[in-house]
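# Structure assessment
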Amino acid sequence: MEIALIIVSILLIAVVLLQAGKTEDSNIISGGSSALFKNRKERGGELFITRLTVLLGAIFFILCFVQGF
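Computed from a predicted model, the values in this text were never measured in an experiment.

## Points about the overall build of the chain
Within the chain one finds 2 helices and 0 strands. Expressed as a percentage of contacts within the chain between residues at least 6 apart in sequence, the contacts between residues at least 24 apart total 80%. Entry remark: accessible area of the chain is about 5800 Å², with carbon and sulfur atoms responsible for 68%.

## Notes on the packing of helix H1 (residues 2-18) against helix H2 (residues 45-68)
When two helices pack together, their arrangement is captured by the angle between the axes and the distance separating the axes. The N-to-C vectors of H1 and H2 enclose an angle of 150 degrees; their axes lie 9 Å apart at closest approach. It follows from the interaxial angle that H1 and H2 lie roughly antiparallel. The two elements H1 and H2 cross, and the hand of that crossing is left-handed. Between H1 and H2, the contacting residues are Glu2, Ala4, Leu5, Val8, Ser9, Leu11, Leu12, Val15, Val16 and Leu18 on the first element and Ile49, Leu52, Thr53, Leu56, Gly57, Ile59, Phe60, Leu63, Cys64 and Gln67 on the second. A class-by-class count of the residues in the contact of H1 with H2 yields 15 nonpolar, 4 polar and 1 charged.

## Things to note about the environment of valine 16
Relative to the assigned elements, valine 16 resides in helix H1. Assessed through its relative accessible area of 42%, valine 16 is described here as partly exposed. Residues valine 16 and leucine 52, 36 residues apart in the sequence, show an inter-C-alpha distance of 9.4 Å.

## Considering a nonpolar patch on the surface
Among the surface-exposed residues, Met1, Phe61, Ile62, Phe65, Val66 and Phe69 lie close enough to one another that they form a single nonpolar patch of about 730 Å² accessible area. With respect to the helices and strands, phenylalanine 65 occurs in helix H2.

## Concerning the packing of aromatic side chains
Under the defined criterion, the tally for this structure stands at 2 aromatic pairs. With a centroid separation of 6.3 Å and an interplanar angle of 20 degrees, the aromatic rings of phenylalanine 61 and phenylalanine 65 are classed as stacked. Placement of the pair is phenylalanine 61 and phenylalanine 65 together in helix H2, with a separation of 4 residues, close to one helical turn. On the basis of relative accessibility, which here comes to 58%, the residue phenylalanine 61 falls in the exposed class. Exposure remark for phenylalanine 65: the relative accessible area of 49% places this residue in the partly exposed category.

## A look at H1
Given a rise of 1.5 Å per residue, 17 residues ought to cover 24 Å, and the 24 Å separating the end C-alpha atoms of H1 matches this to within 8%. When H1 is considered as a whole, its buried residues turn out to be Leu5, Val8, Leu12 and Val15. Axial view of H1: buried residues confined to an arc of 95 degrees, hence all on one face. Turned more than 90 degrees off the buried face of H1, the exposed positions are Glu2, Ile3, Ile10, Ile13, Leu17 and Leu18.

Conventions and cut-offs
Residues numbered from 1 in each chain as written. Predicted model: local features only at pLDDT ≥ 70, side-chain atom pairs only at ≥ 80, totals over all residues. Heavy atoms only, no water. Helix = DSSP H or I, 4+ residues; strand = E, 2+ residues; numbered from the N terminus. Contact = heavy atoms within 4.5 Å. Areas by Shrake-Rupley, 256 points an atom, 1.4 Å probe, with all protein chains shown as cover. Axes fitted to C-alpha atoms, helices over the stretch in contact; angles between N-to-C directions. Parallel < 35°, antiparallel > 145°, perpendicular 65-115°, else oblique. Left-handed = near helix turned anticlockwise from the far one by under 90°. Nonpolar A, V, L, I, M, F, W, Y, C, P; charged D, E, K, R; others polar. Buried < 20%, exposed > 50% of the residue type's maximum accessible area, 1.4 Å probe, protein only. Patch = residues over 30% accessible without salt bridge, like charges linked within 9 Å, V, L, I, M, F, W, Y side chains within 5 Å. Salt bridge = Lys/Arg side-chain N within 4 Å of Asp/Glu carboxyl O. Phe/Tyr/Trp six-rings, centres within 6.5 Å; stacked < 30°, edge-to-face > 60°. Expected span 1.5 Å × (residues − 1). Arc of directions from axis to C-beta.

Structure below.
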């Protein structure tokens, strides 16, 4: 169980680091628009990485919960 938790946590860290920053070319310092990413949709690789992050996060949570009991 602990080995699975270590593997999932390493994969989760790697996938989060692979994600593109959503603050690219924005005006955060000078007060950018709140609707900056309103019309931006993820496609292809970004969508896959986002879904993989959610899946690995859920698996990590479940493994931690099971290991706690």
